[in-house]
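Coordinate inspection notes
In case you want the letters, here they are:
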Amino acid sequence: MKQYDYVLVGSGLYNGVFAYLAKQKGKKCLVVEKKDHIGGNIYCEEVEGIHVHRYGAHIFHTSNKEVWQFVNELAEFNRYTNSPVANFKGEMYNMPFNMNTFSKMWNISTPAEAKAIIEEQKKSISGEPANLEEQAISLVGTDIYEKLVKGYTEKQWGRDCKDLPAFIIKRLPVRFTYDNNYFNDLFQGIPIGGYNVIIDKLFEGCDIETGKDYLEHKEYYDGLGEKIIYTGTIDAYYGYQFGKLEYRSLRFENEIVDTDNYQGVAVVNYTDRETPYTRVIEHKHFEFGTQPKSVITREYPVTWSEGMEPYYPVNDERNQELFLKYTTLSEKEDHVIFGGRLGEYKYYDMDKVIESAMKAAEAELK
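In this report, the structure presented in the accompanying data block is examined. Every value quoted in this text rests on a predicted model; they were computed, and no experiment measured them.

The rules behind these values
Residues numbered from 1 in each chain as written. Predicted model: local features only at pLDDT ≥ 70, side-chain atom pairs only at ≥ 80, totals over all residues. Heavy atoms only, no water. Helix = DSSP H or I, 4+ residues; strand = E, 2+ residues; numbered from the N terminus. Rg over C-alpha atoms; globule rule 2.2 N^0.38 Å. Buried < 20%, exposed > 50% of the residue type's maximum accessible area, 1.4 Å probe, protein only. Contact = heavy atoms within 4.5 Å. Areas by Shrake-Rupley, 256 points an atom, 1.4 Å probe, with all protein chains shown as cover. Pairing = 2+ DSSP bridges. Axes fitted to C-alpha atoms, helices over the stretch in contact; angles between N-to-C directions. Lys, Arg positive; Asp, Glu negative; His and termini not counted. Salt bridge = Lys/Arg side-chain N within 4 Å of Asp/Glu carboxyl O. Polar contact = N/O pair within 3.5 Å; in protein donor to acceptor, adjacent residues only side chain to side chain. Core = buried A, V, L, I, M, F, W, Y, C linked by side-chain atoms within 4.5 Å. Phe/Tyr/Trp six-rings, centres within 6.5 Å; stacked < 30°, edge-to-face > 60°.

Here we look at the overall build of the protein chain
What the protein chain contains, in helices and strands, is 12 helices and 16 strands. Against the compact-globule benchmark of 21 Å for 366 residues, the protein chain has a radius of gyration of 22 Å, which places it among compact chains. In terms of principal-axis extent, the alpha carbons of the protein chain reach across some 70 × 50 × 35 Å. Counting over 366 residues, the protein chain shows a buried share of 55%. By sequence separation, contacts in the protein chain at least 24 residues apart represent 72% of the contacts at least 6 residues apart. With the model as given, the accessible surface of the protein chain reaches about 17100 Å², and the carbon-plus-sulfur share is 47%.

Notes on the sheet that holds strand β10 (residues 225-230)
Strand order in the open sheet made by the five strands is β9-β2-β1-β10-β16, with parallel pairing throughout. The two strands at the open ends of the sheet, each matched to only one other strand, are β9 (207-210) and β16 (336-338). Strand-to-strand twist across the sheet, computed as the mean angle between neighbouring axes with direction ignored, equals 15 degrees. Direction of pairing for β10 relative to β16: parallel, over a ladder of three bridges. From the neighbouring strand, Tyr230 faces β16, where its bridge partner is Phe338.

Some details on the side chain of Arg341
Here Arg341 shows up in helix α11 (residues 340-343). Of the side chains bearing the opposite charge, Glu309 lies closest to the buried Arg341, which forms no salt bridge; the N-O distance is 4.2 Å. At 2.8 Å, the side chain of Arg341 and the backbone oxygen of Tyr311 are in polar contact. Leave out the neighbours within four places in its chain, and Arg341 touches Asn41, Glu309, Pro310, Tyr311, Pro313, Lys346 and Tyr348.

Considering the pattern of salt bridges
Counted according to the given criterion, the structure contains 19 salt bridges. With a closest N to O distance of 3.2 Å, Lys122 and Glu119 form a salt bridge. Separated by three residues within a single helix, Lys122 and Glu119 lie in helix α4 (residues 111-122), roughly one turn from each other. The class of Lys122 is partly exposed, set by a relative accessible area of 22%. By relative accessible area, Glu119 is classed as partly exposed at 44%. We note a salt bridge from Lys218 to Asp222, for which the minimum N-O separation is 2.9 Å. Of this pair, Lys218 and Asp222 both sit in helix α8 (residues 218-222), separated by four residues, roughly a single helical turn. On the accessibility criterion, Lys218 (26% relative accessible area) is partly exposed. Three or more residues are tied together by salt bridges with common partners; here these are Arg251, Glu253, Glu255 and Arg298.

Description of the side chain of His61
If you trace the backbone, His61 turns up in strand β5 (residues 60-62). Aside from chain neighbours lying at most four places away, what touches His61 is Phe183, Asp185, Phe187, Gln188, Asp349 and Asp351.

Some words on the nonpolar core
By size, the foremost hydrophobic cluster in this structure holds 51 residues, and its most contacted members are Phe97, Phe102, Ile144, Tyr214, Tyr230 and Leu245. Considering each element in turn, this core owes the most residues, five residues, to helix α6 (residues 142-157). Contacts of Phe102, omitting those with residues within four sequence positions, involve Phe97, Asn107, Ile108, Ala114, Ile118, Ile144, Val174, Arg175 and Phe176. Formed by 50 residues, the second largest nonpolar core is a distinct cluster that contains Cys29, Phe70, Leu202 and Ala360.

Observations regarding the packing of aromatic side chains
Scanning the entire structure with this criterion turns up 28 aromatic pairs. When the centroid spacing of 5.3 Å and the interplanar angle of 10 degrees are considered together, the rings of Trp68 and Phe187 count as stacked. Here Phe187 lies in strand β8 (residues 187-189) and Trp68 lies in helix α2 (residues 65-74), a separation of 119 residues in the sequence. Residues Trp68 and Phe187 agree in their burial class; the two are buried. Taken together, a centroid distance of 5.3 Å and an interplanar angle of 70 degrees make the contact between Tyr80 and Phe286 edge-to-face. One end of the pair, Tyr80, is in the loop between α2 and β6 (85-88); the other, Phe286, is in the loop between β13 (279-282) and β14 (294-303), and 206 residues separate them in sequence. You can call Tyr80 buried: its relative accessible area is 6%. According to the relative accessible area criterion, Phe286 is buried, its value standing at 0%. Of the aromatic side chains, those joined through ring pairs into one cluster are Tyr214, Tyr220, Tyr221, Tyr230, Tyr237, Tyr238, Phe242, Tyr326 and Phe338.

Keep in mind that these numbers describe shape and distance, not what the molecule does.
Here it is, written out as structure tokens:
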């Protein structure tokens, strides 16, 4: 018998949910985390009495009632509704694209007028869109593409929209109502007290080692647990033997500003190409804060290289083929479960990570 039933590599939401459910079945868990704190990318730190989302804005939303009930057992959620605003060279537009956006852009007031303008502009693309630019114009027309999609997307991916595959933008949400709620999900909000409230509950009762790299001491940690739940990058687990998967990363620049309200909303997207960052987050608005100062974060997309935090998998054809090779290897493992955004090389919303971990735990702990 080994010391632990499970050694959990990484301490984000996936392993948090798995650990929580495993403990309910009387299992013993060890958490091995490379960072100096638990919580993965939903970790918050308190600055000026404000819960700052250290790794970018995390807004919880779901239509899955079971997931919503699960997180509400861990923390109380507030009524925060995601309504970001786009700044194009000082012009402010509501997101997602809705009647407020169209009214501002074209000085119109009815859905019929907006539809007519978009349909006319879409005609400039005929046949199957060959790249992201053509795909976006075929969905929302030229004006919205030029002002609100092009610059932001090019910064996000680090290349011209004409050089990006069409499938990256399968759809763009367009609403012909005056509704600024970004998500269509039934439930959304932010945990009162920040995400650490949830993380602490999920990992309660686990042994935790932070600042430790599992892959550097793999044999040692494998010897401690009956099974490994691995949420790191799958290609690193296999020593990059088929080559490296690609990611996009982010760089954050935080600033304490001497004002109680810097931008009037939690998230402003900067959609012109010239502004180097994609968005500015004002954290206090997630929890309707009234603190005398404010904390803002500028978010800069960067090309990922080893040692950096991998945020967004680049799920193009080449990377998917490479991932498939690693998946084939992983399916032969009987003592390792690969999960989460990096283990599954998939961009996951938080509720989907929780769903995935619940399914894995159900299959494993039955």
